Amino acid sequence: MTASNKITITTPDDWHLHVRDQEFLSSVLPDSAKRFARAIIMPNLTDPVTTTDRAEEYRNRIIDALPNEYKLTFEPLMTLYLTNRTNASEIKKAINSGFVHAVKWYPAGATTNSSQGVSDIVACYEVLETMQEEGMPLLVHGEVTDPNVDIFDREKVFIDQFLTNIIKNFPKLKVVFEHITTEHAVTLVESASSNVAATITAHHMLLNRNALFKGGIRPHHYCLPVLKREEHRKALIKAATSGSQKFFLGTDSAPHTKNTKENACGCAGIYTAHGGIEFYAEIFDKADALNKLEAFASFNGPDFYGLPRNKSKITLTRKQTDIADTFPFGDEVCVPFRAGEKLAWSID
Ligand code: DOR
Ligand code: ZN
């Protein structure tokens, strides 16, 4: 096979992942553990992970649910869910734990299980001060929640109303602008200092907002932040494949049951862990930038978080494999991204 039909890279990490809890864990964890060495685990459980003690319990449930073959090769990197009441001593406890690697800021009401999130970021300034001093990253769901703001503008308005101020007021704070979806976000991250970075999902680089309405309403393409215009999709691909150290892989794989997606009020979230690295290989290949995939998927994330790069390798091959229509998800089923279609790249 020629070089471009096969690529071997350092084992990647997923810097933004939802694995849910209880009976759902064992349905989704193998997909991530098969591809990634580590994943930043989102704390937005029904009962959110607001303390270090809860993070430890959740981490143990995840490790228990991992198949034996992955217990030593896959490390869940835990996060805390920021609230108006989180205090600096909890942050210090989290840092000292060694297993909590970031704090997630969900604006209250912005997305799934965010009702206990932050309604007043100024109330969190002491916490942000501590995080800045200690080098603890703040992960940001960057959307305003004001229902009067058009849903397609919520990321841009968040930048203007909140993020610019946070970056100015906490110039040394490590900030990861999560799952960016617009050219505005790319520009902000590029122009900020080296302690500001962003994750980019595969689905935001593969689809534009037309995919929500192709021949009818498509609940499995609904996620938050919502898909954007084609010009934004292109800007994300350009950023991801640019070679800039500020952008790295975060799938935001977010499983929901088929019933809660195919519903009069369907949940936000797209399950992509079954092609967690393969979808990115397809995107980088199409952009003629496969040589930039390893840095994006395997180097920039750990370098930003101050963690060692992985030592093992994985090989991706340009070979189609089937994607199931559904897979078992707890007692129900989940519909994966591109259900019934093919992955263009496969892992060996
Ligand atoms: O689409 C999304 N799904 N966006 C989020 O921010 C949360 C996630 C989820 O937890 O389902
Ligand atoms: Zn997410």
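Note: the structure precedes this text.
In every chain, residue numbers begin from 1 and rise along the written sequence. In the order they appear in the text, chains get letters beginning with A and ligands get numbers beginning with 1. Predicted model: local features are reported for residues with pLDDT of at least 70 only, side-chain atom pairs are reported and counted for 80 or more only, and whole-chain, interface and lining totals are derived from all residues. Water and hydrogen atoms play no part in the side-chain values, which are based on all heavy atoms of the structure.

Novice: Give me the coordination of the zinc ion (ligand 2): which residues, what numbers.
Specialist: Coordination of the zinc ion (ligand 2) by the protein is provided by His16 (NE2), His18 (NE2) and Asp252 (OD), with metal-donor distances spanning 2.1 Å. For the zinc ion (ligand 2), all donor residues lie on one chain, and their spacing in sequence is H-x1-H-x233-D. Taken together, the residues span a long stretch of sequence, with His16 in strand β2 (residues 14-17) and Asp252 in the loop between β9 (247-249) and α9 (258-261) at a distance of 236 residues. Note on exposure labels: buried denotes an accessible area under 20% of the residue type's maximum, exposed denotes more than 50%, and partly exposed covers the range between, all computed with a 1.4 Å probe on protein chains only. With a relative accessible area of 7%, Asp252 lands in the buried category. A 2.8 Å cut-off from the metal defines N, O and S donors, relaxed to 3.2 Å for Na, K and Ca; water is not in the atom list, so some sites may appear incomplete. Secondary structure elements are defined from DSSP: runs of H or I of at least 4 residues count as helices, runs of E of at least 2 residues count as strands, and each element is numbered from the N terminus.

Novice: How would you sum up the pattern of salt bridges? Please name residues and give values.
Specialist: Salt bridges, as used here, are contacts in which a Lys or Arg side-chain nitrogen is within 4 Å of a carboxyl oxygen on Asp or Glu. Considering all chains together, one arrives at 15 salt bridges under this definition. The partner of Arg54 in a salt bridge is Asp47, with the nearest N and O atoms 3.2 Å apart. With relative accessibility at 32%, the residue Arg54 sits in the partly exposed group. Among the salt bridges present, the one from Asp303 reaches Arg309, with a minimum N-O distance of 2.7 Å. Arg309 gets classed as partly exposed once you look at its relative accessible area, which sits at 39%. Through salt bridges with shared partners, a single network forms among Glu230, Arg233 and Lys234.

Novice: If you had to explain the sheet that holds strand β3 (residues 38-41) to someone new, which residues and values would you point to?
Specialist: Taken in spatial order, the eight strands line up as β2-β3-β4-β5-β6-β7-β8-β9 in an open sheet, and their pairing is parallel. Whereas interior strands pair on both sides, the edge strands pair on one side only; in this sheet they are β2 and β9. Going across the sheet, the axis of each strand differs from the next one's by a mean of 30 degrees, ignoring polarity. Contacts are residue-level and defined by heavy atoms, with any inter-residue pair within 4.5 Å sufficient. A fitted line through C-alpha atoms represents every axis, and for helices the fit uses only the stretch in contact; the resulting angles, taken between N-to-C directions, go from 0 to 180 degrees. Along the sheet, helix α2 (residues 52-65) contacts β3, β4 (75-81) and β5 (100-105); its crossing angle with β4, the most-contacted strand, is approximately 150 degrees. Between any two strands, pairing holds if DSSP finds at least two bridges.

Novice: Describe the site of ligand 1, naming the residues involved and giving the relevant values.
Specialist: Put simply, a residue is near a molecule or strand once any heavy atom of it comes within 4 Å of that molecule or strand. For ligand 1, the full set of nearby residues is His18, Arg20, Asn44, Thr111, Thr112, His141, Cys223, Leu224, Ala254, His256, Ala268 and Gly269. Here a polar contact is recorded for every N or O atom pair within 3.5 Å, except that within protein the pair must consist of a potential hydrogen donor and a potential acceptor, and residues adjacent in sequence are included only if both atoms are side-chain atoms. A distance of 3.3 Å is found between an oxygen atom of ligand 1 and a side-chain nitrogen or oxygen belonging to His141. Three classes are used, and their members are as follows: Ala, Val, Leu, Ile, Met, Phe, Trp, Tyr, Cys and Pro are nonpolar, Asp, Glu, Lys and Arg are charged, and the others, Gly among them, are polar. Within the shell around ligand 1, the residues separate by chemical class into four nonpolar, seven polar and one charged.

Novice: Give me the nonpolar core: which residues, what numbers.
Specialist: General note: in soluble globular proteins, nonpolar side chains tend to be found buried as a group. Residues belong to a common nonpolar core when they are buried Ala, Val, Leu, Ile, Met, Phe, Trp, Tyr or Cys residues joined through side-chain atoms within 4.5 Å. Counting residues in each nonpolar core, the largest one holds 97 residues, and the members touching the most others are Ile277, Leu293 and Leu316. Among the elements that take part in this core, helix α5 (residues 154-169) stands out by supplying six residues, more than any other. With sequence-adjacent residues up to four places away left out, Ile277 is seen in contact with Ile9, Pro12, Arg35, Phe36, Leu249, Leu293, Ala297, Ile314, Leu316 and Ile347. In terms of nonpolar packing, the next biggest core, distinct from the first, is built from 13 residues, Tyr81, Ala197, Phe304 and Tyr305 among them.

Novice: Can you lay out the environment of Ser191 for me, pointing to particular residues and giving the numbers?
Specialist: Within the secondary structure, Ser191 sits in helix α6 (residues 183-191). A residue is classified by how much of its surface remains accessible, and Ser191, at 60% relative accessible area, is exposed. Polar side-chain contacts of Ser191 include one of 2.9 Å to the backbone oxygen of Thr187.

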